[in-house]
Amino acid sequence: MAAEAKSEMPGMTHRQVLDKKVQEDPVLSGAMAKLTDAAVHYDRNRDSIIMKAFEGSSMEPHVFKMQLARAFQIRLNEKEISALVLFFDKDGDGTVDGAEFLLEFFRRGFQEQARRKKVIRDRENRKKKKEADAKAKAEAKEAEKAFSAAAQDFT
């Protein structure tokens, strides 16, 4: 899948090709959204034992689906699991390599956490700017009143 995707989209990195596939396929996009949400909420202190099931193994689609349900409470329909298997099956043997899955799982989680933090930071910065603008406007209005009062004193 990856090799043919690369040749179809020259000038794009492998990561860009994969991300484009996720954006273009609504079934894959929905399944990845479920994975990403699970990755964001993953707690390595609490959930590390669960991850043993993904380490060092190649999983058939039904096993992969079962592990996702057990480890992350992700429920996928057959179309979603098929889309994920195609996405994660790098060598075309119809299985998902656990280590490759975990790399993508954590990458998506960290990426989404960073995106969410940026959204919060941007929101806070807009709020601070709005407050600063309102304060500056109030100060300018006060200064104008003071100037008007002082100007009337001289007349």
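All of these numbers come straight from a predicted model, not from anything done at the bench.

Calculation criteria
- Residues numbered from 1 in each chain as written.
- Predicted model: local features only at pLDDT ≥ 70, side-chain atom pairs only at ≥ 80, totals over all residues.
- Heavy atoms only, no water.
- Helix = DSSP H or I, 4+ residues; strand = E, 2+ residues; numbered from the N terminus.
- Buried < 20%, exposed > 50% of the residue type's maximum accessible area, 1.4 Å probe, protein only.
- Contact = heavy atoms within 4.5 Å.
- Axes fitted to C-alpha atoms, helices over the stretch in contact; angles between N-to-C directions.
- Parallel < 35°, antiparallel > 145°, perpendicular 65-115°, else oblique.
- Nonpolar A, V, L, I, M, F, W, Y, C, P; charged D, E, K, R; others polar.
- Expected span 1.5 Å × (residues − 1).
- Phe/Tyr/Trp six-rings, centres within 6.5 Å; stacked < 30°, edge-to-face > 60°.
- Lys NZ or Arg CZ within 6 Å of the ring centre and 35° of its normal.

Engineer: Whenever I open this one, the side chain of Gln-67 confuses me. Can you help?
Structural biologist: Here Gln-67 lies in helix H5 (residues 61-72). Overall, Gln-67 belongs to the buried group, its relative accessible area being 13%. With residues up to four places along the chain from it excluded, the contact list for Gln-67 reads Ala-53, Phe-54, Met-59 and Phe-72.

Engineer: Can you help me understand the packing of H5 against helix H6 (residues 78-88) in this one?
Structural biologist: Packed helix pairs are specified by the crossing angle of their axes together with the interaxial distance, meaning the distance between the axes. Following both chains from N to C, one finds H5 and H6 inclined at 105°, their axes separated by 10 Å at the closest point. In this view, H5 runs roughly perpendicular relative to H6, as classed from their interaxial angle. For the pair formed by H5 and H6, the contact residues are Pro-61, Phe-64, Lys-65 and Leu-68 on the first element and Glu-78, Ile-81, Leu-84, Val-85 and Phe-88 on the second. Of the residues assigned to the contact of H5 with H6, the class counts are 7 nonpolar, no polar and 2 charged.

Engineer: What should I look at first to understand H5 in this one?
Structural biologist: An α-helix turns once every 3.6 residues. As a result, residues three or four positions apart point the same way. Its 12 residues give H5 an end-to-end C-alpha distance of 16 Å, which sits within 8% of 16 Å, the value for a rise of 1.5 Å per residue. Among the residues of H5, Phe-64, Gln-67, Leu-68, Ala-69, Ala-71 and Phe-72 are the ones counted as buried. Where H5 is buried, its residues contact helix H3 (26-41), strand E1 (58-59), H6, strand E2 (96-97) and helix H7 (98-153).

Engineer: Would you take a moment to explain the packing of aromatic side chains for this structure?
Structural biologist: The geometry of an aromatic ring pair is captured by two quantities: the separation of the ring centres and the angle between the planes. Inspection of every chain in the model, using the stated rule, returns 10 aromatic pairs. The interplanar angle of 80° and the centroid separation of 5.2 Å between the aromatic rings of Phe-64 and Phe-101 together place this pair among those described as edge-to-face. On the criterion of sequence distance, the pair formed by Phe-64 in helix H5 and Phe-101 in helix H7 is long-range, its members being 37 residues apart. Side by side, Phe-64 and Phe-101 carry an identical accessibility label, which is buried. Plain terms: the ring middles of Phe-88 and Phe-101 are 5.3 Å apart, the flat faces sit at 70° to each other, and that makes the pair edge-to-face. Residue Phe-88 is found in helix H6, and its partner Phe-101 is found in helix H7; the two are separated by 13 residues along the sequence. Both residues of the pair, Phe-88 and Phe-101, belong to the buried class. Here the aromatic cluster, defined as three or more aromatic residues joined through ring pairs, consists of Tyr-42, Phe-64, Phe-72, Phe-87, Phe-88, Phe-101, Phe-105, Phe-106 and Phe-110. One Lys or Arg, Lys-90, reaches over the ring of Phe-87 and ends 5.2 Å from the middle of that ring.

Geometric values such as these leave the question of function open.
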